[in-house]
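Below are the chains, spelled out letter by letter.
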Amino acid sequence: MTEKHTWIGKLYLAFAFAILYTPIFYLVFYSFNSGKNMSGFKGFTWSHYQTLFADSRLIIIVLQTFLVAILSALIATIVGSLGALGIYQVRRRHTRNLLLSLNNILMVSPDVIIGASFLILFTAMGIALGFGSVLASHIAFSIPIVVLLVLPRLQEMDYAMIDAARDLGANSWQILSRVILPFILPSVFSGYFMAFTYSLDDFAVTFFVTGNGFATLSVEIYSRARQGINLEINALSALMFLFSIILIVGYYLLNQYTQSRRQRRQKDGVYLK
């Protein structure tokens, strides 16, 4: 690649990041505005953050949002990992491709269609809309994400490891817990973090299936934004952006730790040989 192409690539990357992050920094900047809107910065203040922490309704909605995200990501990770393991063990190519196609339907389907489908299903079954309906729908659309992240890791695993474990007398549980799970653990963590973030910021599906006084942050922010600009929402968005950065850094450090551990084990295995 020539120096000119490298310079153009860096310029394009800087332009793309500017488009992505400028609105976020603009929003965060005005969360410290002493004025009541974003028409002009009139001075620095923490008052909007103080108002945010004094808003008990919003604090409850934040807790509800995190509760749904944590539970749905946990259940989706367990079910999705088992699903990926089941697809991996299917030996017939056409059957495996069919299962993967069925798994990918929720990934390519528009969120509006998914939300409307869940709404019709819950209404037809007489299920009240609220925490349960939101949790069930978040689990459903998170499972394919986990499957797509865990399955490639399983396909990288040498099946001879499982055969060797069987030859040494390991039962199915020991093979799963001591051979397969340690190997796919980084992808399982990745699946959990992805499912967690997808649940945390989902709006379209949640908008259809929420009810009975239950709301998540995305739905609440949308409802308040329709009533006019409120810098309390800017403060909340700034805190959520900070949390996202902490989550990404935490995931990066965890990934680095698992990789260093794996490399250490590989070196120890070489030395033992």
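That block above? That's the structure.
Anyway, here's the lowdown on the structure attached to this text. None of the values given here were measured: they were computed from a predicted structure.

### Describing the overall build of the protein
The helix and strand inventory of the protein stands at 11 helices and zero strands. In the protein, the succession of α and β elements from N to C terminus is α-α-α-α-α-α-α-α-α-α-α. Relative to the compact-globule value of 19 Å for 273 residues, the protein shows a C-alpha radius of gyration of 23 Å, a clear excess of over 25%. With the principal axes as the frame, the protein shows a C-alpha extent of 70 × 60 × 35 Å. Going through the 273 residues of the protein one by one, you find that 35% of them count as buried. Element-wise, carbon and sulfur atoms account for 67% of the exposed surface of the protein, whose accessible area totals about 16900 Å². Of the side-chain charges in the protein, 20 are positive and 12 negative, and the distance between the mean point of each set is 4 Å.

### Digging into the environment of leucine 151
Tracing the backbone shows leucine 151 in helix H6 (residues 131-156). Distance in space between the C-alpha atoms of leucine 151 and leucine 82 is 9.9 Å, their sequence separation being 69 residues. Not counting residues up to four positions away in its chain, the partners in contact with leucine 151 are Ala84, Ile87, Tyr88 and Leu100.

### Examining the packing of aromatic side chains
Under the criterion given, the structure shown has 21 aromatic pairs. Seen in terms of ring centroids, phenylalanine 29 and tyrosine 30 are 5.3 Å apart; in terms of plane orientation they differ by 90 degrees. Their pairing is edge-to-face. Given the relative accessible area of 9%, tyrosine 30 is considered buried. Arranged with centres 5.9 Å apart and planes meeting at 20 degrees, the rings of phenylalanine 118 and phenylalanine 122 form a pair that is stacked. Linking phenylalanine 118 with phenylalanine 122, this pair stays in helix H5 (residues 111-124), spanning four residues, or about one helical turn. The same class applies to phenylalanine 118 and to phenylalanine 122, which are both buried. Ring pairs connect the aromatic residues Phe66, Tyr192, Phe193, Phe196 and Phe243, which therefore count as one cluster. When the ring centre of tyrosine 88 is taken as reference, the NZ or CZ atom of arginine 91 above it lies at 5.6 Å.

### Here's the deal with the nonpolar core
Within the largest apolar cluster, 39 residues are counted, with the highest numbers of intra-cluster contacts made by Val150, Leu154, Ile180, Phe196, Leu217 and Leu236. No other element matches the 10 residues that helix H3 (residues 56-89) contributes to this core.

### A look at empty space enclosed by the protein
Using the criterion set out here, one finds one cavity of 30 Å³ or more in the structure. Its boundaries defined by the atoms lining it, the largest cavity holds a volume of some 40 Å³. Pro186, Phe189, Tyr251, Leu254, Asn255 and Thr258 together form the lining of the largest cavity. Looking at the lining of the largest cavity, the elements with two or more residues in it are helix H8 (172-201) and helix H11 (231-272). Examining the composition of the lining of the largest cavity, we find that four residues originate from one element, H11, more than from any other. Looking at the lining of the largest cavity, its residues break down into four nonpolar, two polar and no charged.

### Thoughts on the packing of helix H4 (residues 93-108) against H6
Put simply, H4 and H6 touch, their axes get as near as 8 Å, and they point 125 degrees apart. Taken together, H4 and H6 sit at an angle that is classed as oblique. Classified by chirality, the crossing of H6 by H4 is left-handed. Along the contact surface, H4 presents Leu100, Asn103, Asn104, Leu106 and Met107, while H6 presents Ala140, Phe141, Ile143, Pro144, Ile145, Val147, Leu148 and Leu151.

### Here's the deal with the environment of phenylalanine 203
Looking at the secondary structure, you find phenylalanine 203 in the loop between H8 and helix H9 (204-209). Distance from phenylalanine 203 to tyrosine 222, taken between C-alpha atoms, is 8.7 Å for residues 19 residues apart in sequence.

### Points about the layout of surface pockets
By volume, the second largest pocket amounts to about 330 Å³. As for the second largest pocket, its lining consists of Thr197, Tyr198, Leu200, Asp201, Leu217, Ser218, Ile221, Ser237, Met240, Phe241, Ser244 and Leu247. Counting residues per element, the ones that place at least two in the lining of the second largest pocket are H8, helix H10 (217-226) and H11. The element that contributes the greatest number of residues to the lining of the second largest pocket is H11, accounting for five residues.

Rules used throughout
- Residues numbered from 1 in each chain as written.
- Predicted model: local features only at pLDDT ≥ 70, side-chain atom pairs only at ≥ 80, totals over all residues.
- Heavy atoms only, no water.
- Helix = DSSP H or I, 4+ residues; strand = E, 2+ residues; numbered from the N terminus.
- Rg over C-alpha atoms; globule rule 2.2 N^0.38 Å.
- Buried < 20%, exposed > 50% of the residue type's maximum accessible area, 1.4 Å probe, protein only.
- Areas by Shrake-Rupley, 256 points an atom, 1.4 Å probe, with all protein chains shown as cover.
- Lys, Arg positive; Asp, Glu negative; His and termini not counted.
- Charge placed at Lys NZ, Arg CZ, Asp CG, Glu CD.
- Contact = heavy atoms within 4.5 Å.
- Phe/Tyr/Trp six-rings, centres within 6.5 Å; stacked < 30°, edge-to-face > 60°.
- Lys NZ or Arg CZ within 6 Å of the ring centre and 35° of its normal.
- Core = buried A, V, L, I, M, F, W, Y, C linked by side-chain atoms within 4.5 Å.
- 1 Å grid on protein atoms, 1.4 Å probe; cavity = no way out; pocket = protein on both sides within 12 Å on 5 of 7 lines; lining within 4 Å.
- Points joined across faces, edges and corners; volume = space filled by probe spheres on them.
- Nonpolar A, V, L, I, M, F, W, Y, C, P; charged D, E, K, R; others polar.
- Axes fitted to C-alpha atoms, helices over the stretch in contact; angles between N-to-C directions.
- Parallel < 35°, antiparallel > 145°, perpendicular 65-115°, else oblique.
- Left-handed = near helix turned anticlockwise from the far one by under 90°.

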